[in-house]
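As a plain string of letters, each chain reads:
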Amino acid sequence: MLTTFGNDLRRAVRRLRHAPAFSLAVVLILSLTLGTATAVFSVLDRTLLRPLATDGGDRWTHLGLDRGSGRVSSDFSYPLYTDLRDRAGVFDAVIAHSPLTLSLDDRNGVDRIAAAGVSAGFLRALGIVPTLGRDLTVEDDRPGAAQRVVILSHGLWQRRFGGDSAILGRAIDLNGEPYLVVGVTPAGFLGLVRGGREDAWIPVTAYNEAGDNAYGRRTLSWLDVLGRFAPGMTPARATQGLELLARRLVTDSLLPPRSRFVLRDGSAGLTQLVASL
């Protein structure tokens, strides 16, 4: 078998030597094919396969909710997010997230940017240290907070503001409202959506488009929720804890009968994919 293969290989080489144009075309096609395959895998690895560079690694879960119908939804109301944050007893960090688009308006023109409303302390929970400034605080993330604040991505900071460190403490116009820049994220942080890129983060309670009294209405579901298991917490024990919480909420008529929380892998971010290929 090896002898036959060797003879076939030698004949192929001789034919290619006598047809240089054809040989060049073969080499180019193989190079392009391999290059394309490598590029596609690189994008897939970066956007869909590689875990978020966060504290906690595989302890993160993207929570779902079955309201008794058998259909699992990723949408949570603000009160239900606070129930998970304050009453579940299985997480040491819980992040609320809502994607949105903001209009950034300054002397350079108007741009529509991908952004998100997030809960206080989201960078700290993820183990992300800002390049400049600070994380969102509990004071920032209150309905009716006196000062609207925003954290910029490293990319937006470079593209739009030339990497000027004086951006901290400056008010920028977002959706016609002044937002005080309080931080800039590191270059490698692209946000929480798997396969996406976010360029700005505001407190989730500053999200006007969520509707009137969005933060007190259990019937308005608009948030994704990521939870990080407390150290030593197993998925089985977490499921038991969440079952107990669901029963309490059903008993208090805050969830429909037979409601249950669902745990899904959150190590690579939120699973609402954003096309980026």
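Considerations on the overall build of the chain
Okay, step 1: Broken down by element type, the chain carries 6 helices and 11 strands.
Okay, step 2: A burial count over the chain gives 43% of its 277 residues as buried.
Okay, step 3: Of the roughly 14800 Å² of accessible surface on the chain, 56% is carried by carbon and sulfur atoms.

Structural notes on the side chain of Asp135
Okay, step 1: The residue Asp135 is located in the loop between β5 (132-133) and β6 (149-152) in this model.
Okay, step 2: In this structure Asp135 is buried but unpaired, with Arg124 as the nearest side chain of opposite charge at 4.1 Å.
Okay, step 3: A polar side-chain atom of Asp135 sits 3.2 Å from the main-chain amide nitrogen of Leu123.

Things to note about the nonpolar core
Where a protein is soluble and globular, its nonpolar side chains tend to be buried together.
Okay, step 1: Among the nonpolar cores identified, the biggest contains 50 residues, and Val150, Leu152, Ile167, Ile172 and Phe261 are the most heavily contacted of them.
Okay, step 2: In terms of residue count, strand β3 (residues 91-106) provides more of this core than any other element does, 6 residues in total.

Considering the pattern of salt bridges
Okay, step 1: If you walk through the whole model with that rule in mind, you get 12 salt bridges.
Okay, step 2: One salt bridge in this structure joins Arg160 and Asp111, with 2.3 Å as the shortest N-O distance. Taken as a pair, Arg160 in helix α5 (residues 154-161) and Asp111 in strand β4 (residues 109-118) lie far apart in primary sequence, 49 residues in all.
Okay, step 3: Between Asp164 and Arg170 there is a salt bridge; the shortest N-O distance is 3.3 Å.
Okay, step 4: Residues joined by salt bridges that share partners form a network here, namely Arg59, Asp92 and Arg228.

So, the packing of helix α3 (residues 78-87) against helix α6 (residues 235-251)
The description of two packed helices rests on the angle between their axes and on the distance between the axes.
Okay, step 1: At their nearest, the axes of α3 and α6 sit 11 Å apart, and the two run at 130° to each other. As judged from the angle between their axes, α3 and α6 are oblique. When you trace α3 past α6, the crossing you get is right-handed. Residues Leu80, Asp83, Leu84 and Arg87 of α3 touch α6, and the partners they reach there are Leu242, Leu245, Arg248 and Leu249.
Okay, step 2: Split by residue class, the contact of α3 with α6 holds 5 nonpolar, no polar and 3 charged.

Some words on the packing of aromatic side chains
Okay, step 1: Counted according to the given criterion, the structure contains 8 aromatic pairs.
Okay, step 2: Taking the centre distance of 6.4 Å and the plane angle of 5° together, the rings of Phe76 and Phe261 count as stacked. Here the residue Phe76 occupies a position in the loop between β2 (72-73) and α3, and Phe261 occupies one in strand β11 (residues 260-265), the gap between them amounting to 185 residues. In this structure, Phe76 and Phe261 share a single accessibility class: buried.
Okay, step 3: Pairing Phe122 with Trp201 gives two aromatic rings, centres 6.1 Å apart and planes at 40°, and the pair type is tilted. Here Phe122, found in helix α4 (residues 122-126), pairs with Trp201, found in strand β9 (residues 200-203); they are 79 residues apart in sequence, far enough to count as distant.
Okay, step 4: Overall, Phe122 belongs to the buried group, its relative accessible area being 0%.
Okay, step 5: Looking at Trp201, the relative accessible area reads 0%, which means it is buried.
Okay, step 6: Grouped by ring-pair contacts, the aromatic residues Tyr78, Tyr81, Tyr215 and Trp222 constitute a single cluster.

Notes on the confidence of the model for the chain
Okay, step 1: Residue-level pLDDT values for the chain average 82, and 75% of them are 70 or greater.
Okay, step 2: A low-confidence stretch, residues 30-51 (pLDDT under 50), is modelled with 17 contacts involving residues beyond four sequence positions or located in other chains.
Okay, step 3: Between residues 272-277, whose pLDDT stays under 50, and residues either more than four places distant or in other chains, the model counts 15 contacts.

What to know about the side chain of Arg160
Okay, step 1: Arg160 sits in the buried class, given a relative accessible area of 10%.
Okay, step 2: Side chain to side chain, Arg160 and Asp106 meet in a polar contact 2.6 Å long.
Okay, step 3: Within polar-contact distance, the side chain of Arg160 engages the side chain of Asp111 at 2.3 Å.
Okay, step 4: Arg160 has contacts with Leu104, Asp106, Asn108, Gly109, Val110 and Asp111, leaving out every residue within four places of it along the chain.

The rules behind these values
Residues numbered from 1 in each chain as written. Predicted model: local features only at pLDDT ≥ 70, side-chain atom pairs only at ≥ 80, totals over all residues. Heavy atoms only, no water. Helix = DSSP H or I, 4+ residues; strand = E, 2+ residues; numbered from the N terminus. Buried < 20%, exposed > 50% of the residue type's maximum accessible area, 1.4 Å probe, protein only. Areas by Shrake-Rupley, 256 points an atom, 1.4 Å probe, with all protein chains shown as cover. Lys, Arg positive; Asp, Glu negative; His and termini not counted. Salt bridge = Lys/Arg side-chain N within 4 Å of Asp/Glu carboxyl O. Polar contact = N/O pair within 3.5 Å; in protein donor to acceptor, adjacent residues only side chain to side chain. Core = buried A, V, L, I, M, F, W, Y, C linked by side-chain atoms within 4.5 Å. Axes fitted to C-alpha atoms, helices over the stretch in contact; angles between N-to-C directions. Parallel < 35°, antiparallel > 145°, perpendicular 65-115°, else oblique. Left-handed = near helix turned anticlockwise from the far one by under 90°. Contact = heavy atoms within 4.5 Å. Nonpolar A, V, L, I, M, F, W, Y, C, P; charged D, E, K, R; others polar. Phe/Tyr/Trp six-rings, centres within 6.5 Å; stacked < 30°, edge-to-face > 60°. pLDDT = per-residue confidence, 0-100.

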